[in-house]
Amino acid sequence: MSIDHVLAVVPVADLEAAYVWYECLLGRPADNRPMESLAEWRVTETGWLQVSRDTDRAGGTLLNFAVSDLDSHLADLSARGLAPGAIETANKNVRLSAITDPDGNRITFIGNFRTKY
């Protein structure tokens, strides 16, 4: 079996409000609006973020994004009017900072991410 793409789904109650917030978070409009209840951003070559209207599931998602330069990434978010949390240091100098969308979904940015430990 071969998996070609990964699609992370974030359920939200108000898609239009979430769309504006995620557009600010990602620094650009969605790459695709395939249906009224869904917006999609391509975040890596084969990875997509889908923001989907689903009031029953909104607010409980945890999403992690590994970034190449955590300090720069957080500065960019702050410049766009978002308020990422303080940086925490985890094991092996991995650094973390989280932000919460309007529904309570938590997005954590990871600096010094490793694919091998």
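Preceding block: the structure.
Here's a quick rundown of the structure. (Residues numbered from 1 in each chain as written. Predicted model: local features only at pLDDT ≥ 70, side-chain atom pairs only at ≥ 80, totals over all residues. Heavy atoms only, no water.)

A look at the packing of aromatic side chains
What characterises a pair of aromatic rings is the spacing of the ring centres plus the angle enclosed by the ring planes.
For step 1, the next point in the chain: Inspection of every chain in the model, using the stated rule, returns four aromatic pairs.
For step 2, the next point in the chain: With centroids separated by 4.9 Å and ring planes inclined at 75°, the aromatic side chains of tryptophan 21 and tyrosine 22 adopt a geometry described as edge-to-face.
For step 3, the next point in the chain: Overall, tyrosine 22 belongs to the buried group, its relative accessible area being 1%.
For step 4, the next point in the chain: The interplanar angle of 40° and the centroid separation of 6.3 Å between the aromatic rings of tyrosine 22 and tryptophan 41 together place this pair among those described as tilted. Of the two residues, tyrosine 22 sits in helix 1 (residues 15-26) while tryptophan 41 sits in strand 3 (residues 38-42), which places them 19 residues apart along the sequence.
For step 5, the next point in the chain: Classification of tryptophan 41 as buried rests on a relative accessible area of 0%.
For step 6, the next point in the chain: Cluster of aromatic residues (ring-pair linked, three or more members): Tyr19, Trp21, Tyr22 and Trp41. (Phe/Tyr/Trp six-rings, centres within 6.5 Å; stacked < 30°, edge-to-face > 60°. Buried < 20%, exposed > 50% of the residue type's maximum accessible area, 1.4 Å probe, protein only. Helix = DSSP H or I, 4+ residues; strand = E, 2+ residues; numbered from the N terminus.)

Things to note about the sheet that holds strand 1 (residues 6-12)
For step 1, the next point in the chain: Taking strand neighbours across the sheet as the criterion, the four strands line up as 1-4-3-2 in an open arrangement whose pairing is mixed. With one partner strand each, in any of the chains shown, strand 1 and strand 2 (32-35) form the two edges of the open sheet. Strand-to-strand twist of the sheet, defined as the mean angle between neighbouring strand axes without regard to direction, takes the value 25°.
For step 2, the next point in the chain: Strand direction decides the pairing type here: strand 1 and strand 4 (residues 47-53), joined by seven bridges, are parallel. Paired with proline 11 across the two strands is serine 52, which belongs to strand 4.
For step 3, the next point in the chain: Packed onto the sheet, helix 1 meets strand 1, strand 2, strand 3 and strand 4 and runs at close to 155° relative to strand 4. (Pairing = 2+ DSSP bridges. Axes fitted to C-alpha atoms, helices over the stretch in contact; angles between N-to-C directions. Contact = heavy atoms within 4.5 Å.)

So, the side chain of asparagine 105
For step 1, the next point in the chain: Within the secondary structure layout, asparagine 105 lies in the loop between strand 7 (95-100) and strand 8 (106-111).
For step 2, the next point in the chain: Of the residues examined, asparagine 105 reaches a relative accessible area of 1% and is grouped as buried.
For step 3, the next point in the chain: Polar contacts involving the side chain of asparagine 105 include one to the main-chain amide nitrogen of glycine 59, which spans 3.2 Å.
For step 4, the next point in the chain: With residues near it in sequence (within four places) discarded, asparagine 105 still touches Val10, Pro11, Val12, Tyr22, Ala58, Gly59, Gly60, Thr61, Ile99 and Thr100. (Polar contact = N/O pair within 3.5 Å; in protein donor to acceptor, adjacent residues only side chain to side chain.)

Note that every value here comes from positions in space, so none of it alone points to a role or purpose.
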